[in-house]
Amino acid sequence: MREEPAMIGIDDAVKRSSSGFALFEYGFRPFFLFAGLYAAVGILGWIGVWLGTWTPATPLALSEWHAREMVFGFGAAALAGFLLTAVPNWTAMGPIHGARLASLFGVWLAGRIMAWLSGEETAIAFAVVDLAFLPALAAIVSPGIVRRNLRRNGAFVLMLAILTSANAATHAEALGADWASARWGIELGLGVLLVMISIIGGRIVPAFTVGGLRMAGQPMAIEPAPRLDIVAIAATASFVIAWAIGAGEPVIGVAAAVAAVAHCARLARWKGWRSFGTPLVWILHLAYSWLVIGFALVAAHGLGAPIAVSAGFHALGAGAVGTMILAVMSRAALGHTGRPLVADRVTVIAYYLVTAGVGLRVATALFPDLADLATIGLAGGLWAGGFAVFTARYFPILVGPRADGRAG
């Protein structure tokens, strides 16, 4: 996702952003803003469920309701923001904005509101609204990809279709279909997001590392390794397939182990240790590290180690997916609004909070003695707090006009 050159300081930019309203001028704006907000609200709501202070009126098991909203609510919003920003760059086609963007965002928002308020009596209406979002997104981004660069980015069209099918499985179970499994749909949806991170991360982490360190006066080079890239993506896809078909823990464990090794080799080549002084870069490496850690933990569980499988899945979901989303949203919000590609102290605090939340949540899964209500609640609060800080800091940036006065 190419970024626009920075023009003025972030503090001056924030002051200027209050002079106009630009929320629907580019796809990343509403979806990144509300992805951050929904991440915070969603986890805080789940903590309330965990503590027994409220219960959503959902036909699904409460854990499935929570997981579905993280994957198809938070994850889908962030994915939409990314694709609606990247595809115009990939295809040299104009961005979606104005009424079309507002309408698409309205579908997503309506689905999220209904997810919290709908019960069995409105499950059909919720399914119709919620299942309309990803196909609508695909209808917008797919034509340009198919016409201009199908070979390089056609996989994203396929993955949007798979995500839609996975979400449909969650609604089918909620509607009483005995052949459907919400858990299967959620796991498949998470798996698709992991494949996307494998593809997108392999492009942006080395590119942004080279660019970021060059800007910091530390020039470096990362040689392309296309064969390793293919192996890492294929290993991730193989894991997702094994997981989706219920291949059994030993097979899933081996697939996860191969993926962990491939992604570790990739990560080592990118020399993330050189980026410690550049937060917008090291957060990308940290996000990708959770991919390695998550696959390693899932592999250990599948191959017989006394490790709860939830440790690996929290490392993959809250860690790899959550942290990569935060990293991409903060960087893209700055670059595509004409601001310097520099994470200020508030942004870095958001990074620290999310990282601490993931680390503590994984620890509670690894060490059952830690897994009490207070510790798990603290882990969720830290993670949610990170996204709340991001939302508060980037609200004027995402709602206000570009810092350089240009459209978009």
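Above this note sits the structure.
What you see as residue numbers is a count from 1 along each chain, following the sequence as written. Only residues with pLDDT of at least 70 are given local features in this predicted model, and only at 80 or more are side-chain atom pairs given and counted; all residues enter the totals for whole chains, interfaces and linings. Side-chain calculation: all heavy atoms of the structure are included, whereas hydrogens and water are not.

### What about the overall build of the chain?
And step 1. Starting at the N terminus, helices and strands are each numbered in turn, a helix being any DSSP run of H or I of at least four residues and a strand any DSSP run of E of at least two. The number of helices and strands found in the chain is 13 helices and zero strands.
And step 2. Listing the helices and strands of the chain from first to last along the sequence gives α-α-α-α-α-α-α-α-α-α-α-α-α.
And step 3. Only the C-alpha atoms count toward the radius of gyration. The rule for a globule is 2.2 Å times the residue count to the power 0.38. The C-alpha radius of gyration of the chain comes to 20 Å, within 12% of the 22 Å expected for a compact globule of 408 residues.
And step 4. Its C-alpha atoms put the chain at 55 × 45 × 45 Å along the principal axes.
And step 5. Per-residue accessibility, obtained with a 1.4 Å probe over protein chains only, is compared with the maximum for each type, and a residue is labelled buried under 20%, exposed over 50%, and partly exposed between these values. Within the chain, buried positions represent 56% of all 408 residues.
And step 6. Sequence separation of 24 or more characterises 79% of the internal contacts of the chain that already satisfy a separation of 6 or more.
And step 7. Surface accessibility in these figures is a Shrake-Rupley result with a 1.4 Å probe; residues are shielded only by whichever protein chains are displayed. For the chain, the exposed surface amounts to about 16200 Å²; the carbon and sulfur share of it is 68%.
And step 8. Only four residue types enter the tally: Lys and Arg on the positive side, Asp and Glu on the negative side; His and the chain ends are excluded. The atoms used to mark charge sites are NZ of Lys, CZ of Arg, CG of Asp and CD of Glu. Across the chain, the 26 positively charged side chains and the 20 negatively charged ones have centroids separated by 15 Å. Here a residue-residue contact requires only that any non-hydrogen atoms of the pair lie within 4.5 Å.

### Side note on the packing of aromatic side chains
And step 1. Centres within 6.5 Å are what make two rings of Phe, Tyr or Trp a pair, Trp counting through its six-membered ring; a difference in plane orientation under 30 degrees is then read as stacked, over 60 as edge-to-face, and the rest as tilted. All chains considered together, the criterion is met by 25 aromatic pairs.
And step 2. Ring geometry for Tyr 38 and Trp 116: centres 6.5 Å apart, planes at 75 degrees, overall edge-to-face. Here Tyr 38 is found in helix α2 (residues 28-51), whereas its partner Trp 116 is found in helix α4 (residues 98-117), with 78 residues between them in sequence.
And step 3. Assessed through its relative accessible area of 8%, Tyr 38 is described here as buried.
And step 4. Under the relative-accessibility criterion, Trp 116 is labelled partly exposed at 21%.
And step 5. Taken together, a centroid distance of 4.6 Å and an interplanar angle of 50 degrees make the contact between Trp 383 and Phe 387 tilted.

### Some thoughts on the environment of Gly 322
And step 1. For Gly 322, the location among the structural elements is in helix α11 (residues 309-335).
And step 2. Residues Gly 322 and Phe 72 lie 250 residues apart in sequence; the distance between their C-alpha atoms is 13 Å.
And step 3. Filtering out sequence-adjacent residues up to four positions away, Gly 322 remains in contact with Phe 74, Gly 317, Trp 383 and Phe 387.

### What to know about helix α12 (residues 345-366)
And step 1. For α12, with 22 residues, the first-to-last C-alpha span of 31 Å sits near the 32 Å given by 1.5 Å per residue.
And step 2. Residues of α12 that are buried include every one of Thr 347, Val 348, Ala 350, Tyr 351, Val 354, Gly 357, Val 358, Arg 361, Val 362, Ala 363, Thr 364 and Ala 365, and no others.
And step 3. Buried residues along α12 sit in contact with α10 (279-302), α11 and α13 (373-399). Expected span of a helix: the number of residues minus one, times 1.5 Å.

### Here's the deal with the packing of α2 against α13
And step 1. Contact geometry for α2 and α13: axes closest at 8 Å, N-to-C directions at 160 degrees. The angle between α2 and α13 falls in the class roughly antiparallel. The hand of the α2/α13 crossing is left-handed.
And step 2. Three categories are distinguished: nonpolar for Ala, Val, Leu, Ile, Met, Phe, Trp, Tyr, Cys and Pro, charged for Asp, Glu, Lys and Arg, and polar for the others, with Gly belonging to the last. The residue makeup of the contact of α2 with α13, split by class, is 22 nonpolar, five polar and one charged. Between the N-to-C directions of two axes lies an angle of 0 to 180 degrees, each axis being a line fitted to C-alpha atoms and, for a helix, fitted only over the stretch in contact. Oblique is the label for every angle not falling under 35 degrees (roughly parallel), over 145 degrees (roughly antiparallel), or within 65 to 115 degrees (roughly perpendicular). Crossing handedness is defined as follows: a turn of the near helix away from the far one that is anticlockwise and smaller than a right angle gives a left-handed crossing, while the clockwise case is right-handed.

### What to know about the side chain of Ser 330
And step 1. Position of Ser 330 relative to the elements: it lies in helix α11.
And step 2. Within the local environment of Ser 330, its side chain forms a polar contact with the backbone oxygen of Leu 326, the two atoms lying 2.9 Å apart.
And step 3. With sequence-adjacent residues up to four places away left out, Ser 330 is seen in contact with Leu 280, Thr 347, Tyr 351, Phe 390 and Tyr 394. For this analysis, a polar contact is any N or O atom pair within 3.5 Å, provided that within protein one partner can donate a hydrogen and the other can accept it, and provided that sequence-adjacent residues contribute only side-chain to side-chain pairs.

### Brief notes about the side chain of Thr 58
And step 1. Mapped onto the elements of the fold, Thr 58 is located in the loop between α2 and α3 (62-91).
And step 2. With relative accessibility at 18%, the residue Thr 58 sits in the buried group.
And step 3. Only 3.1 Å separates the side chain of Thr 58 from the backbone nitrogen of Leu 60, close enough to count as a polar contact.
And step 4. Other than its neighbours up to four places away in sequence, Thr 58 contacts Trp 65 and Ser 118.

### Some details on helix α6 (residues 150-174)
And step 1. When the terminal C-alpha atoms of α6 are compared, their 35 Å separation across 25 residues agrees well with the 36 Å that a helix rising 1.5 Å per residue should span.
And step 2. Phi for Gly 176, located one or two positions after α6, is positive at around 100 degrees.

### Focus: the pattern of salt bridges
Two side chains of opposite charge can pair, provided their charged atoms sit close to one another.
And step 1. Whenever Lys or Arg places a side-chain nitrogen within 4 Å of a carboxyl oxygen from Asp or Glu, that contact is recorded as a salt bridge. A complete count under the given rule lists six salt bridges for this structure.
And step 2. With a closest N to O distance of 3.0 Å, Asp 229 and Arg 266 form a salt bridge. On the criterion of sequence distance, the pair formed by Asp 229 in helix α8 (residues 226-244) and Arg 266 in helix α9 (residues 249-269) is long-range, its members being 37 residues apart.
And step 3. Judged by its relative accessible area of 22%, Asp 229 is partly exposed.
And step 4. Among the ionic pairs, Asp 344 bridges to Arg 393, the shortest N-O distance being 2.5 Å. With Asp 344 in the loop between α11 and α12 and Arg 393 in helix α13, this pair connects stretches of sequence that are 49 residues apart.
And step 5. For Asp 344, a relative accessible area of 16% corresponds to the buried category.
And step 6. Exposure remark for Arg 393: the relative accessible area of 14% places this residue in the buried category.
And step 7. Sharing partners across several salt bridges, the network here consists of Arg 68, Glu 69, Arg 112 and Asp 130.

### What about the environment of Ile 197?
And step 1. For Ile 197, the position within the fold is in helix α7 (residues 182-215).
And step 2. Separated by 39 residues in the primary sequence, Ile 197 and Thr 236 have C-alpha atoms spaced 9.7 Å apart.
And step 3. Not counting residues up to four positions away in its chain, the partners in contact with Ile 197 are Gly 202, Tyr 288, Leu 291, Ala 320, Val 321 and Met 324.

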